[in-house]
Amino acid sequence: MNFEKEVKQRWGKTEAYAEFETKTKDYSKERFADINSGLENIFCAFAELMQTGAEPSSTEAQALVKKLQNYITENYYTCTDEILAGLGQMYVADERFKSNIDKYAIGTAEFASQAISIYTK
């Protein structure tokens, strides 16, 4: 199953998915590429922060989580704390997400997931 079909099957009946479809329906390929690049920049920042020895609970890591949440809300759908917590879990539980995030540095997915868990408690 391709990723788009899987997403629609898992979350297609949610308010967040409906909002995503409405918000992104007029996005061009270039717009999606720009948005995805911005998301990659946030995960790159998580990797850089992790490599400095910062803790997921640090002020800087928590600020990055807030930036991630705001970015998702601005560009995709309203990212509530509950949704964000689920994303954080998926970043380490789903190997596709984990390997994609860990391309910045091994352990980035786990670091971001822990930071998100702290933020959403």
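Keep in mind that this is a model prediction, so the values were computed, not measured.

Calculation rules
Residues numbered from 1 in each chain as written. Predicted model: local features only at pLDDT ≥ 70, side-chain atom pairs only at ≥ 80, totals over all residues. Heavy atoms only, no water. Core = buried A, V, L, I, M, F, W, Y, C linked by side-chain atoms within 4.5 Å. Buried < 20%, exposed > 50% of the residue type's maximum accessible area, 1.4 Å probe, protein only. Helix = DSSP H or I, 4+ residues; strand = E, 2+ residues; numbered from the N terminus. Contact = heavy atoms within 4.5 Å. Expected span 1.5 Å × (residues − 1). Salt bridge = Lys/Arg side-chain N within 4 Å of Asp/Glu carboxyl O.

Chemist: Explain the nonpolar core here, please?
Modeler: In a soluble, globular protein the nonpolar side chains are often hidden away together inside. Judged by nonpolar contacts, the single largest core of 28 residues is most densely connected at F43, F46, L68, I72, Y77, L87 and Y91. Only α3 (29–51), α4 (59–75), α5 (81–93) and α7 (108–119) provide two or more residues apiece to this core. Not counting chain neighbours up to four residues away, the residues in contact with F43 comprise L68, Y91, I101, Y104, T108 and A112.

Chemist: Is there a simple way to explain α3 in this structure?
Modeler: Structurally, the α-helix is built with 3.6 residues per turn, so residues lying three or four positions apart point the same way. Its 23 residues give α3 an end-to-end C-alpha distance of 33 Å, which sits within 8% of 33 Å, the value for a rise of 1.5 Å per residue. Residues I35, G38, L39, I42, F43, F46, A47 and L49 constitute the buried set of α3. Buried residues belonging to α3 abut α4, α5, α6 (95–101) and α7. Phi turns positive, to about 95°, at G53, one or two residues after α3.

Chemist: Looking at this structure, how should I read the environment of A85?
Modeler: Positionally, A85 belongs in helix α5. Judged by relative accessible area, which is 22%, A85 ranks as partly exposed. Sequence spacing of A85 and T120 is 35 residues, and the spatial spacing of their C-alpha atoms is 6.1 Å. In contact with A85, other than residues within four places in its own chain, are I116 and T120.

Chemist: How do you make sense of the pattern of salt bridges when you look at a structure like this?
Modeler: Side chains that differ in sign of charge can pair as their charged atoms come close. What the rule picks out here adds up to 4 salt bridges. Of the charged contacts in the structure, one is a salt bridge between E40 and K103, with a shortest N-O distance of 3.9 Å. Here K103 lies in the loop between α6 and α7 and E40 lies in helix α3, a separation of 63 residues in the sequence. For K103, a relative accessible area of 48% puts it in the partly exposed group. Two residues, D94 and R96, come together in a salt bridge whose shortest N-O distance is 2.6 Å. Using a relative accessible area of 40% as the deciding quantity, one classes R96 as partly exposed.

Chemist: Got a minute to help me understand the environment of A115 in this structure?
Modeler: With respect to the helices and strands, A115 occurs in helix α7. Expressed as a C-alpha distance, the spacing of A115 and A85, which sit 30 residues apart in the sequence, is 9.9 Å. The contact partners of A115, leaving out residues within four places of it in the chain, are F46, P56, A61, Q62 and V65.

Keep in mind these values describe shape, not function.
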